[in-house]
Amino acid sequence: MSGQPAFGTARNGQTFFRWEQAERHFHNRIFFAILAESATAAMVARKAVALSGEFELQGRFVPEKHIHISLVGLGDHHEFPEELVEIARHIGSMIVAKPFEVSFNRLAAFGGGALVLRSSDGNPALQTFWRDLTAVISDSPLKPFITKSIEPHVTLLRDEVRVPRIRERSIDPVGWTVRDFVLVHSLIRKRAYRVHGRWELNGQDDARPAI
C-alpha cells in the first residue's frame, strides 16, 4: 500500500487511522531523536563544510542546531498530528535509561544522497536504546506510524548526485555523552524544528517504560 498513515479523531470522538494518498504534499514530520550537544554540533558542522569542499559537493547542509541522531520516525503528515504527538510525549515520559557514550568514526553515503557519520562497532549502547525505544512504541497505538528504521547515524548534508560516488572511509572519531532524547516536529517546507518533549536519561541501563 502506498501513501502515509493519518491519525486523528472523528466527529463521534473515536480515534481513526487511514492512509493518505502518496501524491499529497506533507508539511509535518514527527520523530524521536538525540540532538547533538552544542559543542559537538559545531564541530560536526565544521567537518561537513570541510568535507563539502574536499569532495566538491553542492548539496544542503544540515543546520548546526538540527544535527541529530534519528531514533524512531512517526511519519509525515499534512496537518500537525496533535493526538499522535500527545501519545508520543506520554511514551517519552515513560522511558527510563542511563546516559551512554556514542562515537562515529566512519564517513558513508546513505540513501537519498545523504552523507553521514556512522560507527564501525554500531555503538552498542545506542543500538540497545534505539531497539528498546522502538519496542515500547511498537506496543502502543503509534505502531502503524513507525517508519522504516535504519542504523542510527548523523547526517551532515545531502547531495543526490555526488554523495553516492563517495566510498566509505575512516575518519577521526566524533562522540559525546548522550544525556537526553527529544521528540521533534520538523516543518519540512520551512526547514525548522520544534521540540515537543525532552527527557533526561538518569535511570537504569536500558530504555524501558517506567512502572
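What you see is a predicted model, and the numbers here were worked out from it, not measured in a lab.

(A) Representation of helix α2 (residues 82-94) in the model. For α2, built from 13 residues, the straight-helix expectation of 18 Å at 1.5 Å per residue is met to within 8% by its first-to-last C-alpha distance of 19 Å. Listed as buried for α2 are Leu 84, Val 85, Ala 88, Ile 91 and Gly 92. One side of α2 holds all its buried residues, which, seen down the axis, span an arc of 120°. Structural note: α2 exposes Glu 82 and Glu 86 on the side pointing more than 90 degrees away from its buried face.

(B) Molecular detail of the environment of Ala 41. Its place among the elements puts Ala 41 in helix α1 (residues 38-55). On a C-alpha basis, the gap between Ala 41 and His 68 in space is 8.2 Å, while along the polypeptide they are 27 residues apart.

(C) Geometry of the pairing of strand β3 (residues 28-35). Within β3, 7 of the 8 residues are buried, which leaves the element mostly enclosed by the surrounding structure. Note: β3 against strand β5 (residues 68-77), 7 bridges, orientation antiparallel. Across the sheet, the residue bridging to Ile 34 is Ile 69, located in β5.

(D) Highlighting the pattern of salt bridges. With the rule as written, the count across this model stands at 8 salt bridges. One salt bridge in this structure joins Arg 29 and Asp 76, with 2.7 Å as the shortest N-O distance. Here the residue Arg 29 occupies a position in strand β3, and Asp 76 occupies one in strand β5, the gap between them amounting to 47 residues. Judged by its relative accessible area of 15%, Asp 76 is buried. Between Arg 106 and Glu 168 there is a salt bridge whose closest N-O contact spans 3.2 Å. Residue Arg 106 is found in strand β7 (residues 100-110), and its partner Glu 168 is found in the loop between β9 (154-158) and β10 (169-178); the two are separated by 62 residues along the sequence. If you follow the salt bridges from partner to partner, you end up with Arg 106, Arg 118, Glu 151 and Glu 168 in one network.

Conventions and cut-offs
In every chain, residue numbers begin from 1 and rise along the written sequence. For this predicted model, a pLDDT threshold of at least 70 governs which residues receive local features, and a threshold of 80 or more governs which side-chain atom pairs are given and counted, while totals over whole chains, interfaces and linings are taken from all residues. Values reported for side chains reflect all heavy atoms of the structure, with hydrogen atoms and water molecules removed beforehand. Put simply, DSSP marks the helices as runs of H or I at least four residues long and the strands as runs of E at least two long, and each gets a number from the N terminus on. A helix is expected to span 1.5 Å multiplied by its residue count minus one. Buried, partly exposed and exposed residues are distinguished by accessible area as a fraction of the type maximum, computed with a 1.4 Å probe on protein chains only: under 20%, between the cut-offs, and over 50%, respectively. Comment: arc refers to directions from the helix axis out to C-beta atoms. When DSSP finds two or more bridges between a pair of strands, those strands are recorded as paired. Each reported salt bridge corresponds to a side-chain nitrogen of Lys or Arg within 4 Å of a carboxyl oxygen of Asp or Glu.

Geometric descriptors of this kind do not, in isolation, establish any biological role.
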